[in-house]
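Structural features, examined
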Amino acid sequence: MQTQCFASTDDSNNFPKTAVMIVLDRIDLEDLAGDYPNLKNLISGAAVGLMNTRPGGNYDPASCYLSIGAGSRAHTGGKGKNAFMAFEKYESIEAGSAFKLYTGLSVPNNAVVQLDIARIIEESKRQNYEVKPGLLGEILKNSGIPVSVLGNADTDHEKNRMAALIAMDSNGIVHSGYVAGDINTRDESSPFFLKTDYDKLYRKFMELKKKGGLIVIHLGDTARANDIVDLVTPELYENYRVKALKDCDEFFGKIIDNLDTKRDLLLVVTPFPSFNGYREKKLLTPFIAIGPNLNRGLAISSTTRRAGIIANVDIAPTVLSFFQIPVPVEMFGHPIESVYFTNAYDHLLKLSEKATLTYTYRPYFIKSYVVMQILVSLTFLFFIYYRKNYLVFIRPFLLASMSLPLTFLLLALIPGENNIFYMFFWTIIITIAAVIIASKAKSTAGAVSLISLSTALAIVADLLSGGKLLGSSVLGHDPIAGARYYGLGNEYMGVLVGSTVIGVTTLFDNLKINRQLLTAMGILIFSISFCLISSPSFGSNVGGAITACGAYLTTLILLSGSKLNFRTFVGILAITAFFTLLLFLFSVVSGPPSHISQTVDLIREGGMKPAVSIVIRKVSMNYRLFKYTPWTRALVTTIAALISLSFKPPNTMKKIFKKQSNFYAGFTGTSIGSILALIFNDSGIVASGTMAIFFGLPVLLFIADENINDKSEMYLKG
């Protein structure tokens, strides 16, 4: 593997091992394409990637900084800029005295103190999981590793020393460094008439490098150039940003010359995007790393398992790993690695564009889809009660609603323009093609089976081939939202379970084979699906595994000719619990790090308190989603329609289930699975909503056919 190595020009090999984290804030990936020779040279030999910047609450810069230092998604409650040298004046007293007043701790004059630490700690306690502000700094301090912070992004009217949130210990103290106002110099041609004094910053860096350890350097010029956006013309705004990056680039050259990346670690992080980047939802920021085992190519971690994408919570574990310190369970991230890749920067540009596109357009597609489902269901009810002769016209729309999850998956294969009208156009074309193909089936059961099994097969094939379509679909996981980066998200988990069960059972209604063979085939197909949902290699969706297990077992029991009663329900619960326990044990013993293994580590380390926090988080998430997600409306509409059809027309559903006995098994299985999804998933309402596509819409199709056939018979008799 060819790696660019930047050797020291001085006798730096006599210095202790050093990790340098340069904070190059409020820039976007596209900004690095300019004439910045030192940055370009660095990128050519480094591991580069896009960093998910999501904090623990609403997006704000201070929370993003705090998340890096905590190694978990944290929130500051709007605080965090008030870091001072202990000797600096804060209001009418020295900052060190104010810090002692707020915390009861005395600090030397050369320490950096975070005056908002008490409020930050209180805010962290409000999270539904354990967040320890300053965890990185605390662990390094306790391990005898020096930690320092340099620089600030002050303007003429406010302090901005947020880099201290990365370097501070759990008490809000950074024991060495320099963030005072005179690290900047007055400059009439710079935003707010301030510019980083790079000569002084460099001298301070060289002094600290003699001690080694972690040195966090805040290059404030890029932040100041961003913050002046509302005061200048767009042309001047861009000029100031370019000028700031050029000055930063010169400083990079000096730092690089004093590092030996065969031994030292250099990280370049952007905790928060630029003004334009945030407005355009480009929330993945550039990341650069070079050092031992971090070479030319794309950055990756076990958190994301996606080459070119890492998370802000991965930074702290990477620093700890560099110093050979175990990563604590409270840190949600994992050490960053690199995979060899040529033209990495160009690849990241395309990856960023695609991720931003998916994140931006997702609400439009999902809301449109849900509105379509609701309108189709309500129109069906109107026709069934008042205009039965119009039911023939609703059938294609029911098939289209069932086909759209498959369409959304295949949409990622379409090349061309990345705009919403182009994507909507191809959504319509693919869906129409699916409806035409399904309509050629000899029966409604055949059409339902064809759509369902095609959907399930496409999901399985994509999972086995790396999940590229799932990672780009508007129903797939989203690297910007950051809830899941790989495997099955809850949307497609619900789709896979629902489509598998309904596809198999409606297929069996078309096949003339004995019940034992049906059961055996069902066990085989369901086992494959369950393994993919639960396997750590594909993301270990725990709630999905419980959902699938309950849905599949219920369906198999009914397919075998048995009935659901108290004994069978107990059996389903016992087997589901057994497989869940087995899944937890397997994920710990083998397989890559996953959500399950991290949960087990948390419980092993902290007892039942983390488990209680996880339950509270799941309940809280479901409560919020139940109020706001459009899938709630889709699920409620489906259930309301089915309840209505259970009473009128009378006995219609009984007739359907009598004729389609295997479909009845699938309907019951997916209904049970939908309930389990609601209980055991973070966003269970979403999984339940997507499962309802496959247990609700086929019922409407069968009822429509029943009434159309009745009308035809009456017409023929007449």
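Residues numbered from 1 in each chain as written. Predicted model: local features only at pLDDT ≥ 70, side-chain atom pairs only at ≥ 80, totals over all residues. Heavy atoms only, no water.

1. Examining the overall build of the protein
- Of regular secondary structure, the protein possesses 25 helices and 17 strands.
- With 718 residues in all, the protein has 58% of them scored as buried.
- Pairs at least 24 apart in sequence give 77% of the contacts found in the protein among residues at least 6 apart.
- Accessible surface computed for the protein: about 29,700 Å², of which carbon and sulfur atoms make up 60%. (Helix = DSSP H or I, 4+ residues; strand = E, 2+ residues; numbered from the N terminus. Buried < 20%, exposed > 50% of the residue type's maximum accessible area, 1.4 Å probe, protein only. Contact = heavy atoms within 4.5 Å. Areas by Shrake-Rupley, 256 points an atom, 1.4 Å probe, with all protein chains shown as cover.)

2. Details of the pattern of salt bridges
- Tallied over the entire structure, the rule returns 25 salt bridges.
- K254 is the salt-bridge partner of D199, the closest N and O atoms lying 3.5 Å from each other. Linking D199 in helix α7 (residues 198-209) with K254 in helix α9 (residues 234-257), this pair joins segments that are 55 residues apart in sequence.
- Under the relative-accessibility criterion, K254 is labelled partly exposed at 34%. (Salt bridge = Lys/Arg side-chain N within 4 Å of Asp/Glu carboxyl O.)

3. Some points on the sheet that holds strand β6 (residues 112-114)
- As summarised here, the arrangement of the 3 strands in space is β3-β6-β8, forming an open sheet in which the pairing is antiparallel. One side of each edge strand has no neighbouring strand; the edge strands of this open sheet are β3 (83-85) and β8 (173-174).
- Bridge count for β3 against β6 is 3 bridges, and the pairing is antiparallel. Bridge pairing links F84 to V113 in β6. (Pairing = 2+ DSSP bridges.)

4. Here we look at the side chain of D187
- Inspection of the secondary structure puts D187 in the loop between β10 (184-186) and β11 (194-196).
- Buried D187, no salt bridge; nearest opposite-charge side chain is K243, N-O distance 4.2 Å.
- A distance of 2.7 Å separates a polar atom in the side chain of D187 from a polar atom in the side chain of S189.
- Not counting residues up to four positions away in its chain, the partners in contact with D187 are F193, L194, K195 and K243. (Lys, Arg positive; Asp, Glu negative; His and termini not counted. Polar contact = N/O pair within 3.5 Å; in protein donor to acceptor, adjacent residues only side chain to side chain.)

5. Points about helix α11 (residues 315-322)
- Most of α11 sits inside the fold, with 7 of its 8 residues counted as buried.
- What α11 keeps buried is the set I315, A316, P317, T318, V319, L320 and F322.
- Looking one or two residues beyond α11, the residue adopting positive phi is Q324, at roughly 60 degrees.

6. Considering the confidence of the model for the protein
- Per-chain confidence: the protein averages 88 in pLDDT, with 90% of residues scoring 70 or above.
- Within the model, the stretch residues 1-12 combines pLDDT values under 50 with 34 contacts to residues more than four positions away or in other chains. (pLDDT = per-residue confidence, 0-100.)

7. Thoughts on the nonpolar core
- M21, L140, I217, L219, F287 and I315 are the most contacted members of the largest nonpolar core, which totals 114 residues.
- By size, the runner-up hydrophobic cluster in this structure holds 96 residues, among which are I430, A458, A551 and L697. (Core = buried A, V, L, I, M, F, W, Y, C linked by side-chain atoms within 4.5 Å.)

8. What to know about the packing of helix α5 (residues 135-142) against α11
- Closest axis-to-axis distance for the α5/α11 pair is 10 Å, and the angle between their directions is 10 degrees. Looking at the two axes, α5 sits roughly parallel to α11. Only A316, V319 and L320 of α11 make contact with α5, whose side of the interface consists of L136, I139 and L140.
- Among the residues making up the contact of α5 with α11, the classes are represented as 6 nonpolar, no polar and no charged. (Axes fitted to C-alpha atoms, helices over the stretch in contact; angles between N-to-C directions. Parallel < 35°, antiparallel > 145°, perpendicular 65-115°, else oblique. Nonpolar A, V, L, I, M, F, W, Y, C, P; charged D, E, K, R; others polar.)

9. Examining the packing of helix α13 (residues 391-410) against helix α15 (residues 444-464)
- One way to put it is that α13 packs onto α15 with a least axis distance of 8 Å and a crossing angle of 10 degrees. In terms of orientation, α13 lies roughly parallel with respect to α15. Along the contact surface, α13 presents R395, L399, M402, S403, P405, L406 and L409, while α15 presents T444, A447, V448, I451, S452, S454, T455, A458 and I459.
- Taken together, the residues of the contact of α13 with α15 break down into 10 nonpolar, 5 polar and 1 charged.

10. Regarding helix α4 (residues 117-125)
- Those residues of α4 not exposed but buried are I117, I120, E123 and S124. An end-on view of α4 places all buried positions within 120 degrees of arc, on one side of the element. For α4, the exposed residues lying more than 90 degrees away from the buried face are R119 and K125.
- Buried residues belonging to α4 abut α2 (61-70), α3 (95-103), β6 and α6 (164-167). (Arc of directions from axis to C-beta.)

11. Observations regarding the pairing of strand β12 (residues 213-218)
- β12 sits mainly inside the fold: 6 of its 6 residues count as buried.
- Where strand β1 (residues 18-23) and β12 come together, 6 bridges link them in parallel fashion. Across the sheet, residue A19 finds its bridge partner in β12, namely L214.

12. Let's talk about the packing of aromatic side chains
- For the structure shown, the criterion picks out 25 aromatic pairs.
- Centroid distance Y369 to F408: 5.7 Å. Interplanar angle 80 degrees. Geometry classified as edge-to-face. Separated by 39 residues along the polypeptide, Y369 in helix α12 (residues 344-386) and F408 in helix α13 bring together distant segments of the chain. As far as the burial class goes, Y369 and F408 line up, both buried.
- Between F382 and Y386, the ring centres sit 5.4 Å apart and the planes meet at 45 degrees, which makes this aromatic pair tilted. On the criterion of helical spacing, the pair formed by F382 and Y386 is a turn pair, its members being 4 residues apart in helix α12.
- Following the ring pairs from residue to residue traces out a cluster consisting of F382, F383, Y385, Y386, Y390 and F393.
- It is K254 that lies over the ring of Y202; its NZ or CZ is 5.4 Å from the centre.
- A cation over a ring is seen here: R305 above Y486, with NZ or CZ 4.1 Å from the ring centre. (Phe/Tyr/Trp six-rings, centres within 6.5 Å; stacked < 30°, edge-to-face > 60°. Lys NZ or Arg CZ within 6 Å of the ring centre and 35° of its normal.)

13. A short note on a nonpolar patch on the surface
- Together, I575, F578, F579 and L582 line one region of the surface with nonpolar side chains, adding up to about 340 Å² of accessible area.
- Looking at the secondary structure, you find F579 in helix α19 (residues 566-589). (Patch = residues over 30% accessible without salt bridge, like charges linked within 9 Å, V, L, I, M, F, W, Y side chains within 5 Å.)

14. Some remarks on the side chain of H75
- By the element assignment, H75 lies in the loop between α2 and β3.
- Take H75: its relative accessible area is 14%, and that puts it in the buried class.
- Engagement of the side chain of H75 in a polar contact is seen with the backbone nitrogen of G77, the distance being 3.3 Å.
- A distance of 3.0 Å separates a polar atom in the side chain of H75 from a polar atom in the side chain of E123.
- Ignoring any residue separated from it by four or fewer positions in sequence, one finds H75 in contact with G56, G57, N58, D60, S63, L66, I120, E123, S124 and Q127.

15. Here we look at unusual backbone geometry
- Positive phi values are uncommon outside glycine, yet E91 reaches one of about 55 degrees.
- In this fold, E91 is placed in the loop between β4 (89-90) and β5 (93-94).
- Its identity as a non-glycine residue notwithstanding, N343 has a phi of 55 degrees, on the positive side.
- Structurally, the position occupied by N343 is in the loop between β17 (337-339) and α12.
- When its relative accessible area of 55% is taken as the criterion, N343 is described as exposed.

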